[in-house]
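A look at the structure
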There are 2 protein chains.
Amino acid sequence: MSANSRMSLAVHILTWLAYDRRGTDKEVATSQRIATSVNTNPVVIRRCLGQLKDAGLVEVTHGRNGGWNLARPAEKISLLNVYQALPEEPIFGMHASDPNAECYVGFGIQHTLGQVYQEATEALCRSLSATTVADVLRDTLAFHSVSAGAR
Amino acid sequence: MSANSRMSLAVHILTWLAYDRRGTDKEVATSQRIATSVNTNPVVIRRCLGQLKDAGLVEVTHGRNGGWNLARPAEKISLLNVYQALPEEPIFGMHASDPNAECYVGFGIQHTLGQVYQEATEALCRSLSATTVADVLRDTLAFHSVSAGAR
DNA sequence: CTAAAGTGTATCCACCTTAGTTACACTAAC
DNA sequence: GTTAGTGTAACTAAGGTGGATACACTTTAG
């Protein structure tokens, strides 16, 4: 149960939606159906989808025949969008207990670390922004073909 | 108690060592003294120092008057070295439960995600490699002066 | 109008990780 | 041989996580 699996969950859901919504007269995309692909509980899916909805990445319709859809084409949803849609959780956390402010190092180090961490996080974000949900879907389906061919 | 505060702890320790070891006829750098700056328990410090020692970033002497020292100048210890010295913990975890392999998306997505995550992590590492412990020490002490001056 | 099929959310549980702590064997200098 | 350190095992308390159940709310189908 690794800490930050939420990113994987969110990307999986969006990729699944992109795959499932390609046709028109399809079954409705419910949290139950998504849960089957992800192999988890529908509530877990809804919790995640709620965050993606707040970020404007997906849309929901309520009531009977209600369900989910991408708010815009998969080509226009980058993994950076997904990352930012999730509740902020710093890559590097600060000290569990605040350092001793009487110490020359302890006094200023959190400020310095904050700057370093911000730069590193920005580099990571730039990398994430280069990939879209459409890319993930394409590569995932391609991997499927390769594996099938290898058998 | 944020997840990955180990990086902050390790950098703090190395920075403290760099600061403390500048003179020659100083007091010995014990885990107890470091713990006072970090404001935690000496065992926590020793656990971390043990990993830094395994990575060749610090040296230890045992017995009476034993203690710690940087294994090489602070200018030659990058934050990437520190990051890699810590037990590997991926930035992004995979799904808590394996996806449904029967699903076209579920089958290949972990492979795709793995590639994306690796690229992003490499970008982060490149950023970390640009800063050294000596840089952190300099900026931290500078912050101290600025704050003092502002009072 | 009512039943059905969805979402939204609160609550609980089991599990895991973590920092912190105590205790103690081991090591080397004085 | 005493003293002052490290190395490490074991335990505790706290917090976060995914998962599960339950139920109120919403909308469509009939």
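Everything that follows concerns the structure shown earlier in this document.
These figures come from a predicted structure and were not determined experimentally.

Per the stated rule, a full pass over the model turns up eight aromatic pairs over all chains. Ring geometry for Tyr-19 of chain A and Tyr-104 of chain B: centres 6.0 Å apart, planes at 15°, overall stacked. Here Tyr-19 of chain A is found in helix H1 (residues 6-20), whereas its partner Tyr-104 of chain B is found in helix H5 (residues 104-128) on a different chain. Among the aromatic residues, those joined into a cluster by ring pairs are Tyr-83 of chain A together with Phe-92 and Tyr-117 of chain B.

Right, let's get into the relation of the copies chain B and chain A. In the superposition of chain B on chain A (RMSD 0.1 Å, axial shift 0.0 Å), the rotation amounts to 180°. With respect to symmetry, the two chain copies, as superposed, fit the operation of a two-fold axis. A high fraction, 98%, of the interface residues of chain B reappear at the interface in chain A, so the copies pair face to face through one surface.

Let's shift gears to the side chain of Asp-20 of chain A. Looking at the element boundaries, Asp-20 of chain A is found in helix H1. A residue is classified by how much of its surface remains accessible, and Asp-20 of chain A, at 6% relative accessible area, is buried.

What follows covers the protein's contact with DNA strand C. In the vicinity of DNA strand C there are 26 residues, among which Ser-31 and Arg-46 of chain A together with Arg-6, Thr-40 and Arg-47 of chain B approach most closely. A share of 59% of the atoms of DNA strand C within 4 Å of the protein falls on sugar and phosphate groups. One of the side-chain nitrogen or oxygen atoms of Lys-53 of chain A is found 3.0 Å away from a phosphate oxygen of DNA strand C. Taking Thr-40 of chain B, its side chain carries an N or O atom lying 2.4 Å from a phosphate oxygen of DNA strand C. Of the residues contributing to the surface near DNA strand C, the split by class is seven nonpolar, 12 polar and seven charged.

Here we come to the protein's contact with DNA strand D. Taken together, 26 residues surround DNA strand D, and among them Arg-6, Thr-40 and Arg-47 of chain A together with Ser-31 and Arg-46 of chain B come closest. Between a phosphate oxygen of DNA strand D and a side-chain N or O atom of Arg-6 of chain A, the distance comes to 2.5 Å. Between a base nitrogen of DNA strand D and a side-chain N or O atom of Arg-47 of chain B, the distance comes to 3.4 Å. Among the elements of the structure, helix H3 (42-54) of chain A together with helix H3 (42-54) of chain B are those that each provide at least two residues to the surface near DNA strand D. It is H3 of chain B that provides the largest number of residues to the surface near DNA strand D, a total of four residues. A class-by-class count of the residues in the surface near DNA strand D yields seven nonpolar, 12 polar and seven charged.

Thresholds applied
- Residues numbered from 1 in each chain as written.
- Chains lettered and ligands numbered in written order.
- Predicted model: local features only at pLDDT ≥ 70, side-chain atom pairs only at ≥ 80, totals over all residues.
- Heavy atoms only, no water.
- Phe/Tyr/Trp six-rings, centres within 6.5 Å; stacked < 30°, edge-to-face > 60°.
- Helix = DSSP H or I, 4+ residues; strand = E, 2+ residues; numbered from the N terminus.
- Least-squares fit on C-alpha atoms with pLDDT ≥ 70 in both.
- Contact = heavy atoms within 4.5 Å.
- Buried < 20%, exposed > 50% of the residue type's maximum accessible area, 1.4 Å probe, protein only.
- Near = heavy atom within 4 Å.
- Polar contact = N/O pair within 3.5 Å; in protein donor to acceptor, adjacent residues only side chain to side chain.
- Nonpolar A, V, L, I, M, F, W, Y, C, P; charged D, E, K, R; others polar.

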